[in-house]
Amino acid sequence: MSRPLHRGVSGIRNSGNSNDFWDSQVKDKMEKEDLDRNRPSDPSYSPFRFPFRVFCPDNSPSKYGTTENGFTSDPFSIGSPRSRHKLTLLFLKFSLVVIVILALTGSFWLTLSISTSSRGHIFHGYRRLQEQLVSDLWDIGELSLGPSRMKEIEFCPEESENHIPCFNVSENLALGNSDGKEYDRLCGQGSRQSCLVLPPVNYKIPLRWPTGRDVIWVANVKITGQEVFTSGSLTKRMMMLEEEQISFRSASLMFDGVEDYSHQIAEMIGLRNESNFVQAGVRTILDIGCGYGSFGAHLFSKQLLTLCIANYELSGSQIQLTLERGLPAMIGSFNLKQLPYPSLSFDMLHCARCGIDWDKKDGIFLIEVDRVLKPGGYFVWTSPLTNVQSFIRNKEKQKRWNFVRDFAENLCWELMSQQDETVLWKKTSKKNCYNSRKPGSGPPICSKGQDIESPYYRPLQNCIGGTHSRRWLPIEERPTWPSRSNLNKNELALYGLNSEELNEDTANYKTAVRNFWSLLSPLIFSDHPKRPGDEDPSPPYNMLRNVLDMNARYGGLNAALLEAGKSVWVMNVVPTNGPNYLPLILDRGYVGVLHDWCEAFPTYPRTYDMVHAEGLLSLETSQHRRCTMLDLFTEIDRVLRPEGWVIIRDTAPLIGSTRALTTLLKWDARVVEIESSSDERLLICQKPFFKRQAI
């Protein structure tokens, strides 16, 4: 891989002042002795050291030695012309620093005193000056401190290869958490990772889509041979092709295959086959405890987008293997907290032996299913518990099944079909169903104060949510995919947007994708970067698969990549400290999640091929945050695959400052000017493939 243009920042070295013109012959020996006798012992006359050496640069060690206090001694006393000259210069420098500080302080208080009506006109310009000042001070400080400060981040120990901050089962158990609570996320101050995660010894770059969907490298994931052959879920069955690879083409023991299982679900809805799911209003599916993603892998070819969620697992992780196959997945748990998705998010929820006891805790897990399910959406549950034939031999099973069936009825779910071990319900499309229930039957409707549309890991609620949302619209009344991605003006009005804003956002991202896609080549880091020409073809459409958009806004990047024919899926992340357009993104038929970027993202290391962030740096620096930019970029490095790409678009001062961080992370990086008239820049980075040496 080519070396980036700038790998580190050199320190400024200022040589000592020459005293040759002070010839020793000018001073006789007697004068010098008198001056030495009159020199005060207090070293306070030594030059004042300011943190930024651009103002008061430190000189090289003097040939005259140092005092016992560590300051450089001067051969001339205070009373000499030379000494008075130095003190005068020092006083002028110190006065200049004080003036600068007073000017900045006065500017701050002047800004506070300006009327509210005037602030709006000057805020943008003042903000740009602040960003430029931050950038300048960053550069000045790093230059003055030299290469010793620009120390690259060390690599993590081997035990961190699959570590996820915020998920520590052993720590949770030590705190007395059990019964599922040990899998809960705890994101405290000590959960951040300050080192770079290296891949396993025999790690290999994943195969490109669609080959990588069916075959993965064994060394890339943490799984044992025993876990491969003893997995019990119908979607977990798989086989080894050879020592280095795992294939997912095998059929399950219970069914002739995932295809027949999907076909069965379609028939239970009343459709001819799974290809008709889209016509029935189904586009996004939340697969709970997805095994290794085979259900979603099959439906992807039917234009259905399936997001897998499962608990954190130390080994044999469903999430890690699903992402390694190039399928949407993230860590998520029903145990204690609401999922970080808005109400009315998904068209279907699927649970095939997912390990959740739906009859436990008074049905609160089913209430959470109801919250994230769109009106008219479907809940599919496959479990031995639903097999009627087993009730004859096991009355306890029948009691548990009866509870789930009755509770679902009180949630206004319609039991559409039951075949073998699979049951399918349809959520009501009519709000008045809740008022027609018998008094005291089923959970109450949440009040407006309880019914938060986009909770962020809030405790599970024992009431029916989503009924106060203006987005209550049955799935069969929504436009089908792909027309669904272009919301009409009435739908956009729910989010305070108009068609022009969405169209402009889409057009901008189309241009952006067209421009940066051709730059995704090591050529960008050469001394004479150029776009691929006839001799260097553009990167292939399937060069990337898993894409993480850290500040997704309306989902414009997702839309542009799909329209450009790229074989990608995008995890659209909406920061918790910014405008929340996640409901809009999900209503467009994409997947996404709320997230606080001062916390670790709920995924395993090395799971994304590209990370994109537009305007995220401005958003993070505009508020008082409890984390640093280095924390943020270390987390990006953790989730990024070797040879993966990072594309950041933001203001020129922030991009300039961020460029220095790429050196610490050992990334190849280049800043690209977008337009000559624009104050924004593009930072394109690639993570090198560092290999851990076998012991």
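Because the structure is a prediction, the values reported are computed rather than measured.

## Re the confidence of the model for the protein
Averaged over all residues, the pLDDT of the protein equals 80, while 73% of them reach at least 70. Low pLDDT (under 50) marks residues 1–79, which in the prediction has 103 contacts with non-local residues, meaning those over four places away or in another chain. Low confidence marks residues 250–256, where pLDDT is under 50. Its contacts with residues over four positions away, or in another chain, come to 15 contacts.

## Points about unusual backbone geometry
Omega for the bond connecting Trp 209 with Pro 210 falls within 30 degrees of zero, at 5°, which places this linkage in the cis form. Residue placement: Pro 210 occurs in the loop between α4 (169–174) and α5 (211–214). Trp 481 connects to Pro 482 through a cis peptide bond whose omega is 10°. The residue Pro 482 is located in the loop between α12 (432–435) and α13 (489–493) in this model. One non-glycine residue, Lys 666, lies in the positive phi region at around 70°.

## Some points on the packing of helix α14 (residues 499–517) against helix α15 (residues 556–563)
The relative placement of two packed helices is expressed as an angle between their axes plus a distance between the axes. Where α14 meets α15, the axes come as close as 8 Å, and the angle between the chain directions of the two elements is 60°. Considered as vectors, α14 and α15 are oriented oblique to each other. The interaxial crossing formed by α14 with α15 has right-handed handedness. Seen from α14, the contacting residues are Asp 505, Tyr 509, Lys 510, Val 513, Phe 516 and Trp 517; seen from α15, they are Gly 556, Leu 557, Ala 560, Leu 561 and Glu 563. Across the contact of α14 with α15, the residue classes break down as seven nonpolar, one polar and three charged.

## A few points about the pattern of salt bridges
Under the criterion given, the structure shown has 23 salt bridges. A salt bridge links Arg 405 to Asp 406; its shortest N-O distance comes to 3.3 Å. A salt bridge links Arg 638 to Glu 635; its shortest N-O distance comes to 2.8 Å. Residue Arg 638 and its partner Glu 635 are both found in helix α18 (residues 629–639); the two are separated by three residues, about one turn of the helix. Residue Glu 635 is classed as buried on the basis of its relative accessible area, which comes to 9%. One continuous salt-bridge network, built from bridges that share partners, spans Lys 374, Glu 453, Arg 471, Arg 478 and Asp 587.

Calculation notes
- Residues numbered from 1 in each chain as written.
- Predicted model: local features only at pLDDT ≥ 70, side-chain atom pairs only at ≥ 80, totals over all residues.
- Heavy atoms only, no water.
- pLDDT = per-residue confidence, 0-100.
- Contact = heavy atoms within 4.5 Å.
- Helix = DSSP H or I, 4+ residues; strand = E, 2+ residues; numbered from the N terminus.
- Axes fitted to C-alpha atoms, helices over the stretch in contact; angles between N-to-C directions.
- Parallel < 35°, antiparallel > 145°, perpendicular 65-115°, else oblique.
- Left-handed = near helix turned anticlockwise from the far one by under 90°.
- Nonpolar A, V, L, I, M, F, W, Y, C, P; charged D, E, K, R; others polar.
- Salt bridge = Lys/Arg side-chain N within 4 Å of Asp/Glu carboxyl O.
- Buried < 20%, exposed > 50% of the residue type's maximum accessible area, 1.4 Å probe, protein only.

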